[in-house]
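Summary of the model geometry
Each chain, written out:
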Amino acid sequence: MSVGKEKKLNLVLLGGPGAGKGTQAEKLVGDGNLTHIATGDILREEVDRETDLGLQAKEYMEKGELVPDDLVVNMVEKRLNEDKGYVFDGFPRTVNQAEELDEVVDLDLVLYIKIDQEEAVRRLSSRRVCSDCGKIYNTIFKKPNREGICDECGGELYQRSDDKSRVIRDRFDTFLEETAPLIEYYREKGLLEEVDGKREPETINSEIQEIIS
Ligand code: AP5
Ligand code: MG
């Protein structure tokens, strides 16, 4: 990667499946000062559009495995052209990805949102996502006003194909094996803040705002 370093607020949201990375990112980018880069969302778009990248990524995503580093790093690099800070959601996910990111972006903070596997399965089997704007709902914890319809844009809500209990468990294992080493990686750099993800989204957001300010 080769993009000029900028002095902006650059955050990483680190956490396993269902930790609430997307939910907290939505809140953080709400004021328009930060650009949201969610590698899972971008990959799902590529899969839907049946691009070369999407066709390659699909087989990994369906199994709850990581898409190869070179594909993901290249995909992120193409988006590092904003004049704002970034909220990286679900990236980096391996030490190799983190080292690539270090070369082009000065990170200010890595928020590790922590939940256990049982909670992940509970949340993800009841998650719904807007097919138009991507807003995140939950049939237990965050219901839309009208069933199956997005409150914001009226789009149809859908269930992600990797939100099946077996794949959720595989994604959690992948997190523990391949992504959890980043906790120590960023702790050693003095960038890590740990956040208890098993609380109300608003409480977590308030704590994040305090950490940032
Ligand atoms: P990705 O889309 O990033 O999935 P993930 O990491 O498994 O995380 P999720 O999006 O499932 O969870 P989240 O933390 O965003 O939680 P959310 O806010 O939605 O990646 C998918 C796949 O793409 C990967 O498996 C991999 O194959 C590939 N991929 C992506 N990035 C990659 C990379 N960098 N390298 C290689 N491969 C990559 O919340 C979940 C639910 O809980 C929602 O219903 C929400 O309403 C609810 N909720 C949120 N917070 C709370 C709370 N505090 N209390 C109660 N409910 C809550
Ligand atoms: Mg997400």
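A short tour of the structure in this document, coming up. Here the residue numbering is sequential within each chain, running from 1 through the sequence in written order. For this description, chains carry letters from A and ligands carry numbers from 1, given in the order in which they are written. At least 70 in pLDDT is required for a residue's local features to be given in this predicted model, at least 80 for side-chain atom pairs to be given and counted, and no such filter applies to totals for whole chains, interfaces and linings, which use all residues. Hydrogen atoms and water are omitted, and side-chain values are computed over all heavy atoms in the structure.

What counts as a ring pair is set by centres within 6.5 Å for rings of Phe, Tyr and Trp (its six-membered ring), and what kind of pair is set by the plane angle: stacked under 30 degrees, edge-to-face over 60, tilted for all other angles. Per the stated rule, a full pass over the model turns up four aromatic pairs. Ring centres of Tyr 185 and Tyr 186 lie 5.1 Å apart, and the angle between their planes is 85°; on these two criteria the pair is classed as edge-to-face. Pair check on accessibility: Tyr 185 and Tyr 186 agree, each one buried. A positively charged side chain is recorded as over a ring if its NZ (Lys) or CZ (Arg) lies within 6 Å of the ring centre. The angle to the ring normal must also be within 35 degrees. The cationic tip of Lys 142 hangs over the ring face of Tyr 137; the distance from NZ or CZ to the ring centre is 4.8 Å. Residue burial is assigned from relative accessible area. The probe radius is 1.4 Å, only protein chains are included, and a residue is buried under 20% of its type maximum, exposed over 50%, and partly exposed in between.

The subject of this paragraph is the sheet that holds strand S7 (residues 157-158). Read across the sheet, three strands follow the order S6-S5-S7 without closing on themselves; strand pairing throughout is antiparallel. Two strands bound the open sheet, and with one partner strand each, they are strand S6 (136-138) and S7. Think of it this way: DSSP has to see at least two bridges between two strands before they count as a pair. Secondary structure elements follow DSSP: runs of H or I no shorter than four residues count as helices, runs of E no shorter than two count as strands, and numbering proceeds from the N terminus. Of the pairings in the sheet, the one linking strand S5 (residues 127-130) to S6 comprises three bridges and is antiparallel in character. The residue of S6 that forms the bridge with Arg 127 is Asn 138.

On to helix H5 (residues 95-104). Of the positions making up H5, those classed as buried are Gln 97, Ala 98, Leu 101 and Val 104. All buried residues of H5 fall inside an arc of 125° around its axis, so they share one side. Any pair of residues with heavy atoms lying within 4.5 Å of one another is described as a contacting pair. Where H5 is buried, its residues contact strand S1 (11-14), helix H4 (69-77), strand S3 (85-89) and helix H8 (181-188). This arc describes the spread of directions from the helix axis toward the C-beta atoms.

Here we take up the pattern of salt bridges. Think of a salt bridge as a Lys or Arg side-chain nitrogen and an Asp or Glu carboxyl oxygen that are within 4 Å of each other. All told, the structure shown has 19 salt bridges when counted by the stated rule. The closest approach of N and O atoms between Lys 114 and Glu 194, which form a salt bridge, is 3.6 Å. On the criterion of sequence distance, the pair formed by Lys 114 in strand S4 (residues 109-114) and Glu 194 in strand S8 (residues 192-196) is long-range, its members being 80 residues apart. Accessibility expressed as a relative area gives 41% for Lys 114, which makes it partly exposed. In this structure Glu 194 comes out as partly exposed when scored by relative accessible area, which is 38%.

It is worth spelling out the site of ligand 1 at this point. Near ligand 1 you find 36 residues, and of these Thr 23, Glu 65, Arg 93, Arg 127 and Arg 171 are the closest. A 3.5 Å cut-off defines polar contacts: any pair of N or O atoms within that distance qualifies, except that in protein one atom must be a possible hydrogen donor and the other a possible acceptor, and neighbouring residues in sequence count only when both atoms are side-chain atoms. Contact between ligand 1 and Arg 123: a nitrogen atom at 3.3 Å from a side-chain N or O atom of the residue. Side-chain polar atom of Asn 138 to an oxygen atom of ligand 1: 2.8 Å apart, as the coordinates give it. Considering ligand 1 on its own, with 1000 Å² of exposed area, one finds that the protein chains cover 96% of that surface. At the level of elements, helix H1 (21-28), helix H2 (39-48), helix H6 (117-124), S6 and helix H9 (201-212) are the ones that each hand at least two residues to the shell around ligand 1. For the shell around ligand 1, the element with the most residues is H2, which contributes four residues. Residues are grouped as follows: nonpolar covers Ala, Val, Leu, Ile, Met, Phe, Trp, Tyr, Cys and Pro; charged covers Asp, Glu, Lys and Arg; every other residue, Gly included, is treated as polar. When grouped by side-chain class, the residues that make up the shell around ligand 1 number 14 nonpolar, 11 polar and 11 charged. Domains are outlined according to an automatic or database domain assignment. When residues of the shell around ligand 1 are assigned to domains, at least three fall in each of domain 1 (10-116 + 167-212) and domain 2 (126-163). Being near a molecule or strand, for a residue, means having at least one of its heavy atoms within 4 Å of it. Residue-level accessible areas treat just the shown protein chains as cover; the underlying method is Shrake-Rupley with a 1.4 Å probe.

A few words now on the sheet that holds S1. What the five strands build is an open sheet, ordered S2-S3-S1-S4-S8; its pairing is parallel. Both outer strands of the open sheet, strand S2 (34-38) and S8, are each paired with one neighbouring strand and no more. Neighbour-to-neighbour, the strand axes of the sheet open up by a mean angle of 20°, direction not taken into account. In this sheet, S3 lies alongside S2 in parallel orientation, the contact comprising five bridges. Its bridge partner being in S3, Leu 34 is matched across the sheet by Gly 85. Axes here mean lines fitted to C-alpha atoms, for a helix over just the part in contact, with angles spanning 0 to 180 degrees between N-to-C directions.

In this section: unusual backbone geometry. Note the cis peptide between Phe 91 and Pro 92, where omega equals -5°. With respect to the secondary-structure elements, Pro 92 resides in the loop between S3 and H5.

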